[in-house]
Amino acid sequence: METKRLGKIELEVGRLGVGLSEVGFNLEMTDVDQARDVINLALDSGVNFLDTAACYGISEELLGMVASERRDEFVLATKAGHYLPRGEGEDWTYDLIISSIDRSLERMKTDYVDLVQLHSCTVEVLERGDVIRALQDAKAAGKTRFVGYSGDNENAKWAVTSGLFDTLQTSFNLVDQSARTNLFADVETKDMGLIIKRPIGNAVWGADADPVPYKHIPEYAAEYFRRAGVMSKEGPLADNPNDRIRLALGFTFAHPEVDVTIVGTQRPHHMRSNLEMVAQPLGVSEATVQDLHARWDKLSAGWEQRG
């Protein structure tokens, strides 16, 4: 698998990573064998970037159960900032960030993570400074090697231009291209690691109906399907590979600014399919990429990143 340095930090990552939100939200603790199969298949095939979050259901617990003995084989990233259970306490405080990181370490059965990311907080929270100080203190204590921000739009812009973070995780795909014009150049200037979430865009391009969305965040999937419909009305796509997953992943991989894409899956056969796909050139041509760029540039007024 193709690898890249994650920005200016000394981590080499495969360009296909694993997002564990589906595992955390859609599996039960009794599905531990399924989670083990998914993660072991990825690790055995050279995937070395696993991304989770404190608020992704049981993802951290399952990861600790199935992969803690292989801890030295992968880069481990998590996120913090939300009080758990959600809505029962105050988000975005210094003490919450510190306690969240400690809880994540315990759940994942590790002494440290490679990356802790603030989980989509606003500019107002960032400017207040205490959550950033919490990350810096956690790094000084050896609980995380690096610190990042996960989010979109003006909040991500603030995080990138601040120079305070090692990485940015943000949404980018063929129907959500705002990061290309609003964030990529600044990320490159700061030499930050760029982690892409939702790189497949729910496989909406060419779908006859809205693909079944994640049950916990259905609103962005419906918007992606709507955008794909608008963009496809421009006519046949240049050099269309006629494979929705290959098209979407190939489009995202075509951007050299992207270091790693995190693709969520809870099923071993989906993981195997993704791994087989990236083991060889994805076959998405420059003409296809440029056609999708042109459609976005023409039609996307008011289409913000979907957080």
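The paragraphs below set out a description of the structure included in this document. (Residues numbered from 1 in each chain as written. Predicted model: local features only at pLDDT ≥ 70, side-chain atom pairs only at ≥ 80, totals over all residues. Heavy atoms only, no water.)

Let us look at the packing of helix α11 (residues 244–253) against helix α12 (residues 268–278). Two elements in contact, α11 and α12, have axes separated by 11 Å at closest approach and are oriented at 55 degrees. On the basis of their axis angle, the class for α11 and α12 is oblique. Like other packed secondary-structure pairs, α11 and α12 cross with a definite hand, here right-handed. Touching Ile245, Arg246, Leu249 and Phe253 of α11 are Asn274, Met277 and Val278, all from α12. Split by residue class, the contact of α11 with α12 holds 5 nonpolar, 1 polar and 1 charged. (Axes fitted to C-alpha atoms, helices over the stretch in contact; angles between N-to-C directions. Helix = DSSP H or I, 4+ residues; strand = E, 2+ residues; numbered from the N terminus. Parallel < 35°, antiparallel > 145°, perpendicular 65-115°, else oblique. Left-handed = near helix turned anticlockwise from the far one by under 90°. Contact = heavy atoms within 4.5 Å. Nonpolar A, V, L, I, M, F, W, Y, C, P; charged D, E, K, R; others polar.)

Relative to the 18 Å expected for 13 residues at 1.5 Å per residue, helix α2 (residues 32–44) spans 18 Å between its end C-alpha atoms, a close match to the ideal helical length. Val32, Ala35, Val38, Ile39, Leu41, Ala42 and Leu43 are the residues of α2 that are buried. (Expected span 1.5 Å × (residues − 1). Buried < 20%, exposed > 50% of the residue type's maximum accessible area, 1.4 Å probe, protein only.)

Let's shift gears to the sheet that holds strand β4 (residues 49–51). Pairing is parallel around the closed barrel formed by 8 strands, whose spatial order is β3-β4-β5-β6-β7-β8-β9-β10. The sheet shows a mean angle of 30 degrees between the axes of neighbouring strands, direction not considered. Looking at chain direction, β4 and strand β5 (residues 75–80) are connected through 3 bridges and run parallel. Bridging from a neighbouring strand, Leu50 pairs with Leu76 of β5. Along the sheet face, α11 touches β3 (16–19), β9 (193–197) and β10 (260–264) and points at about 155 degrees away from the line of β10. (Pairing = 2+ DSSP bridges.)

Right, let's talk about the packing of α2 against α12 for a bit. For the pair α2 and α12, interaxial distance at closest approach is 9 Å and the crossing angle is 10 degrees. Classified by the angle their axes make, α2 and α12 are roughly parallel. Seen from α2, the contacting residues are Gln34, Asp37, Val38, Leu41 and Ala42; seen from α12, they are Pro268, Met271, Arg272 and Leu275.

This structure, assessed with the given rule, holds 5 aromatic pairs. Ring plane angle 55 degrees and centroid distance 5.9 Å describe the contact between Phe25 and Tyr56, whose orientation is recorded as tilted. Taken as a pair, Phe25 in helix α1 (residues 21–26) and Tyr56 in the loop between β4 and α3 (59–67) lie far apart in primary sequence, 31 residues in all. Taking relative accessible area as the criterion, Phe25 reaches 27% and is therefore assigned partly exposed. Given a relative accessible area of 14%, Tyr56 falls into the buried group. Through pairs of rings, three or more aromatic residues link up here, namely Phe172, Phe184 and Phe251. Directly above the ring of Phe253 sits Arg15, whose terminal nitrogen or CZ lies 5.1 Å from the centroid. Directly above the aromatic system of Tyr112 lies the positively charged group of Arg71, at a separation of 4.5 Å from the ring centroid. (Phe/Tyr/Trp six-rings, centres within 6.5 Å; stacked < 30°, edge-to-face > 60°. Lys NZ or Arg CZ within 6 Å of the ring centre and 35° of its normal.)

Attention shifts here to helix α6 (residues 130–140). The complete set of buried residues in α6 reads Asp130, Val131, Ile132, Ala134, Leu135 and Ala138. Phi for Gly142, located one or two positions after α6, is positive at around 80 degrees.

Turning our attention to the state of the cysteines. Under the defined criterion, the tally for this structure stands at 0 disulfides. Left without a disulfide partner, Cys55 is nearest to the cysteine sulfur of Cys121, which lies 12 Å away. (Disulfide = S-S within 2.5 Å.)

Counting 82 residues, the largest nonpolar core has Ile97, Leu118, Tyr149, Phe165, Leu168 and Trp205 as the members making the most contacts within it. If you tally residues by element for this core, the top one is α2, at 7 residues. Each residue touching Tyr149, except ones within four places of it in the same chain, is listed here: Gln117, Leu118, Ser120, Cys121, Leu126, Asn155, Ala156, Ala159, Phe165, Thr167, Leu168 and Gln169. The next biggest cluster of nonpolar side chains, apart from the first, holds 12 residues, and it includes Ile9, Val13, Leu115 and Ile262. (Core = buried A, V, L, I, M, F, W, Y, C linked by side-chain atoms within 4.5 Å.)

It is worth spelling out the pattern of salt bridges at this point. Evaluation of the coordinates by the stated rule reveals 22 salt bridges. Lys79 is paired through a salt bridge with Asp51; the nearest N and O atoms lie 2.5 Å apart. On the criterion of sequence distance, the pair formed by Lys79 in strand β5 and Asp51 in strand β4 is long-range, its members being 28 residues apart. Comparing Lys79 with Asp51 shows no difference in burial state: the two are buried. Of the charged contacts in the structure, one is a salt bridge between Asp114 and Arg145, with a shortest N-O distance of 3.0 Å. In this pair, Asp114 is assigned in strand β6 (residues 113–119) and Arg145 in strand β7 (residues 144–150), connecting sequence segments 31 residues apart. For Arg145, a relative accessible area of 32% puts it in the partly exposed group. Within this structure, Glu10, Arg71, Asp114 and Arg145 form a network of salt bridges that share partners. (Salt bridge = Lys/Arg side-chain N within 4 Å of Asp/Glu carboxyl O.)

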